[in-house]
Amino acid sequence: MYRFARDSARGGRRGAVELLGVLLLCAFPALPAVQDPAGVANPATWRETWGDLARLAESAPGSTAFQRIWRELDALEARRERSARKSHDRAEVFRARVLRAHLSRLSGTPFRPVGEPGGEMAFLPGEGWIAAQVAGPGPTRVRAMDEALSQASAENLRVRLERGQEVSEEDARGLHLDWALDEARLIHEYAPDGRTASLLARVLGLRGEHGEAAKVLEHQVAATRESAERAGLLAELGKARIAAGADAAALRELGAALALGSQDAGYSLATRALSRGEIARARALFRALLEEEPSAAPAQRGYGLALLGGAGPPSRADG
């Protein structure tokens, strides 16, 4: 999709730069004519700055134009942050740090995600997406993703949804479950498919809301016809039922998922059988998983435990 330079390291950087250029240009040159949010200092200046950043992203790395624009923005960022810190303008400090993070990205330098500004701030049109790409966990990133998705076009919605998935998973891993839930709900609202439904259900499950997780999955199963996606959803639904203590329903969902070829469902059924002392059933299920994927470590361990749980090696009757 993208053309890379001859040197592989420079090629990887160029691919990232070209992508960012497309995203920034999508965000700013065709902004709707809307009134500036109240409380934004120097909105016209920041619009010009973000436009310069988009032009930087479109410039060839190492070119005269790239170096000139980068130096100008680098000096501008330092002045803006210094001035904002003196005036205790937290929103302006945040914007300056967002700019710094993008300058680092474009130059191939690692950067630290931008922390919270210390209070709620208004975004200029298109600015939410620019912030969402480099912001660290927190309510500002949640709001930035909300704005980014609400202002997305058909052409750039997919990449914004990918970022939303990424930040929701990150927040879930960090157990920032309120933020993760808001982000997961957002992307599921804009793209109600198996992937987003599964993410939303997992976050709800981490919060202990297993009944709500099951409702999300039930709704998506009913709307899904493709067999592989349906199998994954049924497996997730079965696990949500187990967590909620609805064993009979869980077996029904997992069995349906297994019939559609879900190894995840097979593993859930096998571990459930092993934990309940149903050794012959566990052996048969783990053995079937290993026939499909002989190197699967969880299935190997499970099969070994099932063998240890009986008086001898499994026989054909075990199946």
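Conventions and cut-offs
- Per chain, the residues get numbers from 1 upward, laid out in the order the sequence is written.
- Totals for whole chains, interfaces and linings use all residues, but because this is a predicted model, local features are given only for residues with pLDDT of at least 70 and pairs of side-chain atoms are given and counted only at 80 or more.
- Only hydrogens and water are set aside; all other atoms, that is, all heavy atoms of the structure, feed into the side-chain values.
- The convention used is that axes are lines fitted to C-alpha atoms, helices contributing only their stretch in contact, and that angles between N-to-C directions extend from 0 to 180 degrees.
- Secondary structure follows DSSP: runs of H or I at least 4 residues long count as helices, runs of E at least 2 residues long count as strands, and numbering of each begins at the N terminus.
- Note on terminology: angles under 35 degrees are roughly parallel, angles over 145 are roughly antiparallel, angles of 65 to 115 are roughly perpendicular, and the others are oblique.
- The hand of a helix crossing depends on one turn: near helix anticlockwise from the far one by less than a right angle means left-handed, and clockwise means right-handed.
- The criterion used for residue contact is that any of the two residues' heavy atoms lie within 4.5 Å.
- Gly is placed with the polar residues, together with every amino acid not listed as nonpolar (Ala, Val, Leu, Ile, Met, Phe, Trp, Tyr, Cys and Pro) or charged (Asp, Glu, Lys and Arg).
- When accessible area is computed with a 1.4 Å probe and restricted to protein chains, residues below 20% of their type maximum are described as buried, those above 50% as exposed, and intermediate ones as partly exposed.
- Pairing of aromatic side chains here covers Phe, Tyr and the six-membered ring of Trp, requires ring centres within 6.5 Å, and sorts the geometry by plane angle: under 30 degrees stacked, over 60 edge-to-face, intermediate tilted.
- In this analysis the charged atom, NZ for Lys or CZ for Arg, is taken to sit over a ring once it is within 6 Å of the ring centre and within 35 degrees of the ring normal.

Novice: How do you make sense of the packing of helix H7 (residues 157-173) against helix H8 (residues 177-190) when you look at a structure like this?
Specialist: If you want to describe how two helices pack, look at the angle between their axes and the distance between the axes. The N-to-C vectors of H7 and H8 enclose an angle of 155°; their axes lie 8 Å apart at closest approach. As the angle between them shows, H7 and H8 are arranged roughly antiparallel. For the pair H7 and H8, the sense of crossing is left-handed. Mapping the contact onto sequence places Leu-161, Gly-164, Gln-165, Val-167, Ser-168, Asp-171 and Ala-172 in H7 and Leu-177, Trp-179, Ala-180, Glu-183, Ala-184, Ile-187 and Tyr-190 in H8. Partitioning the contact of H7 with H8 into residue classes produces 9 nonpolar, 3 polar and 2 charged.

Novice: Hey, could you run me through the side chain of Gln-165 in this one?
Specialist: Residue placement: Gln-165 occurs in helix H7. Note on Gln-165: relative accessible area 4%, which makes it buried.

Novice: Would you explain the packing of aromatic side chains in this entry?
Specialist: Any aromatic ring pair is given by two values, namely how distant the centres are and how the planes are angled relative to each other. Summed over the entire model, instances satisfying the criterion amount to 2 aromatic pairs. An angle of 70° between the planes, with centres 6.0 Å apart, marks the rings of Tyr-267 and Phe-286 as edge-to-face. Here Tyr-267, found in helix H13 (residues 263-275), pairs with Phe-286, found in helix H14 (residues 279-292); they are 19 residues apart in sequence, far enough to count as distant. Relative accessible area serves as the criterion here: at 1%, Phe-286 is assigned to the buried category. The ring of Trp-46 has Arg-80 lying over it, and the distance from NZ or CZ to the ring centre is 4.4 Å.

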